[in-house]
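These are the residues of each chain, in order.
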Amino acid sequence: IAGDKGVEVDVELVLAVDISYSMDRVEQELQRNGYVQALMSEQFLNALAGGAHRKVAISYMQWASYNDQDILMDWTVIDGAETAKAFANKLQRMPYRRAQRTSISGAIDYGAKMFDNNGFKGLRQVIDVSGDGPNNNGRIVTHASDDALAKGITINGLPLVGIREWFSPADIKELDIYYEDCVIGGPEPFSVTVLDV
């Protein structure tokens, strides 16, 4: 958890998105557009207004292999419709890329470090992990998840299931169950399965 100093927010949120080669352009656009729509939704804005501080800090991080993560959108305060729209519009204009391997453990480990000295003091620290495959690189995913949970971080899941027409040997058809069993955890976690475009 962040130290005593920092801007007080309701949530420090890392949006951790899969850009491995299994994520084709359709899935990548679906993944990103889902976050864009969520940020500008009435439901999100109402929840924001109902928070103790009425603001959250959000960052958007892309991941592939255990040592391949990049922050596409650095920590930004969202405190209403105007800042939410500005973040969403900027995110929509960002370029896409793809890279080798799928390391959910790397995403969690890197995401957990992003809370350190980030200038914010949140009531909650959350990593939302989205992707279309299981961990196949880096350390065991449950070890990374357990370490993050031990720091008080919540991990949510947004698995993309059955959107691509093919399955490779590394795929899991019931990825939603895998996320529930091996990825998510912490205070009030959730997993929302994305089934179709």
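Structure first, text after, so check above.
Quantities reported herein were computed from a predicted structural model and do not represent experimental measurements.

1. Thoughts on the packing of helix 4 (residues 104–113) against helix 5 (residues 141–150)
Running from amino to carboxyl end, helix 4 crosses helix 5 at an angle of 20°, the nearest separation of the two axes being 8 Å. Here helix 5 runs roughly parallel to helix 4, going by the angle between their axes. The handedness of the crossing between helix 4 and helix 5 comes out as left-handed. Facing helix 4, whose interface residues are I104, S105, I108 and D109, helix 5 presents V141, A144, S145 and A148. Tallied by class, the residues present in the contact of helix 4 with helix 5 amount to 5 nonpolar, 2 polar and 1 charged.

2. Section: the packing of helix 1 (residues 25–39) against helix 3 (residues 81–93)
Packing of helix 1 against helix 3 leaves a shortest axis separation of 9 Å and a crossing angle of 165°. The angle between helix 1 and helix 3 places the two elements in the roughly antiparallel class. Of the two possible hands of crossing, helix 1 and helix 3 adopt the one that is left-handed. On helix 3, the residues that touch R32, N33, V36 and L39 of helix 1 are A84, F87, A88, L91 and Q92. Across the contact of helix 1 with helix 3, the residue classes tally to 6 nonpolar, 2 polar and 1 charged.

3. Focus on the packing of aromatic side chains
In the structure shown here, the tally under the stated rule is 4 aromatic pairs. Aromatic side chains Y35 and Y60 sit 6.1 Å apart centroid to centroid with 90° between the ring planes, which places their arrangement in the edge-to-face category. Residue Y35 is found in helix 1, and its partner Y60 is found in strand 2 (residues 56–63); the two are separated by 25 residues along the sequence. By relative accessible area, Y35 is classed as buried at 8%. Judged by relative accessible area, Y60 falls into the buried class, the value being 1%. Ring plane angle 50° and centroid distance 6.2 Å describe the contact between W75 and F120, whose orientation is recorded as tilted. With W75 in strand 3 (residues 69–78) and F120 in strand 4 (residues 120–131), this pair connects stretches of sequence that are 45 residues apart. An aromatic cluster is defined as three or more aromatic residues linked by ring pairs; in this entry it consists of W75, F115 and F120. Looking at R32, its charged tip hangs above the ring of Y96, at a distance of 3.9 Å from the centre.

The rules behind each value
Residues numbered from 1 in each chain as written. Predicted model: local features only at pLDDT ≥ 70, side-chain atom pairs only at ≥ 80, totals over all residues. Heavy atoms only, no water. Axes fitted to C-alpha atoms, helices over the stretch in contact; angles between N-to-C directions. Helix = DSSP H or I, 4+ residues; strand = E, 2+ residues; numbered from the N terminus. Parallel < 35°, antiparallel > 145°, perpendicular 65-115°, else oblique. Left-handed = near helix turned anticlockwise from the far one by under 90°. Contact = heavy atoms within 4.5 Å. Nonpolar A, V, L, I, M, F, W, Y, C, P; charged D, E, K, R; others polar. Phe/Tyr/Trp six-rings, centres within 6.5 Å; stacked < 30°, edge-to-face > 60°. Buried < 20%, exposed > 50% of the residue type's maximum accessible area, 1.4 Å probe, protein only. Lys NZ or Arg CZ within 6 Å of the ring centre and 35° of its normal.

Note that every value here comes from positions in space, so none of it alone points to a role or purpose.
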